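For reference, the chains in residue letters:
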Amino acid sequence: MESALVLVIGVMVAAGVYLMLAANLLCYLFGLILLSNAANLVIFVAGRLTRAVPPLIPKGQEAPLEPVANALPQAMILTAIVIGFGLLAFTLALVVACYRELGTIDSDHMRLAEPPAKSGEH
């Protein structure tokens, strides 16, 4: 199962990088989301996929009786999902602001901060 997830992670990273190299800001945003989700899957796979029981200790015991699942990667992924959602909302707000100010989301046509080209230059 881990090898299949590793292939999925590789495809997600490749697609995310490809989208982030595009000139369109929405493609960049989708690539960022894909990379964020790929990072979450890496944390999930690093925590090992097991069929172990939840990490609960029975009453009167000092330790679990059986091997238990590791809860730390799951907690880290939940935190990363919340942070990723905040990053998505902030980045989407920036894309909307860029579109309202400049009239385009193509990064090649965003030239408001650059000086105008002189007549002899290309």
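Residues numbered from 1 in each chain as written. Predicted model: local features only at pLDDT ≥ 70, side-chain atom pairs only at ≥ 80, totals over all residues. Heavy atoms only, no water.

**So, the overall build of the protein**
Along the backbone of the protein there are 3 helices and 0 strands. From first element to last, N terminus to C terminus, the protein shows the α and β order α-α-α. Dimensions of the protein along its principal axes, counting C-alpha atoms only, are 85 × 30 × 15 Å. Out of the 122 residues belonging to the protein, those deemed buried represent 16%. Here the analysis covers contacts within the protein between residues at least 6 apart in sequence; of these, 51% occur between residues at least 24 apart. Here the protein holds 6 positive side-chain charges and 8 negative ones, and the gap between their average locations is 7 Å. (Helix = DSSP H or I, 4+ residues; strand = E, 2+ residues; numbered from the N terminus. Buried < 20%, exposed > 50% of the residue type's maximum accessible area, 1.4 Å probe, protein only. Contact = heavy atoms within 4.5 Å. Lys, Arg positive; Asp, Glu negative; His and termini not counted. Charge placed at Lys NZ, Arg CZ, Asp CG, Glu CD.)

**Considerations on the nonpolar core**
Counting residues in each nonpolar core, the largest one holds 5 residues, listed as Leu5, Ile9, Met12, Ala38 and Val45. Listing elements by their share of this core, those giving two or more residues are α1 (2-20) and α2 (25-46). Here this core takes 3 residues from α1, the largest share from any one element. Setting aside residues no more than four positions away along its own chain, Leu5 makes contact with Leu41, Phe44, Val45 and Leu49. (Core = buried A, V, L, I, M, F, W, Y, C linked by side-chain atoms within 4.5 Å.)

**Quick word on the environment of Phe44**
Its place among the elements puts Phe44 in helix α2. Classification of Phe44 by relative accessible area gives partly exposed; the value is 33%. Sequence-wise, Phe44 and Ala117 are 73 residues apart; in three dimensions their C-alpha atoms are separated by 50 Å. Setting aside residues up to four positions removed in sequence, Phe44 forms contacts with Leu5, Leu49 and Ile77.

**A closer look at the packing of α2 against helix α3 (residues 72-102)**
Look at α2 against α3: their axes get within 10 Å of each other, and the N-to-C directions meet at 175°. As summarised for this structure, α2 and α3 are arranged roughly antiparallel, according to the angle between their axes. Here α2 contributes Leu25, Leu26, Leu29, Leu32, Ile33, Ser36, Asn40, Ile43 and Phe44 to the contact with α3, which in turn contributes Pro73, Met76, Ile77, Ala80, Ile81, Gly84, Leu87, Leu88, Thr91, Leu92, Val95 and Cys98. Its residues placed into classes, the contact of α2 with α3 shows 17 nonpolar, 4 polar and no charged. (Axes fitted to C-alpha atoms, helices over the stretch in contact; angles between N-to-C directions. Parallel < 35°, antiparallel > 145°, perpendicular 65-115°, else oblique. Nonpolar A, V, L, I, M, F, W, Y, C, P; charged D, E, K, R; others polar.)

**Some thoughts on the environment of Ala14**
Along the chain, Ala14 turns up in helix α1. Along the chain, Ala14 and Leu35 lie 21 residues apart, while their C-alpha atoms are 8.7 Å from each other.

**A closer look at α3**
For α3, built from 31 residues, the straight-helix expectation of 45 Å at 1.5 Å per residue is met to within 8% by its first-to-last C-alpha distance of 44 Å. Buried within α3 we find Pro73, Ile77, Thr91 and Val95. The elements touched by buried residues of α3 are α2. Count one or two residues on from α3 and you reach Gly103, which has phi positive near 80°. (Expected span 1.5 Å × (residues − 1).)

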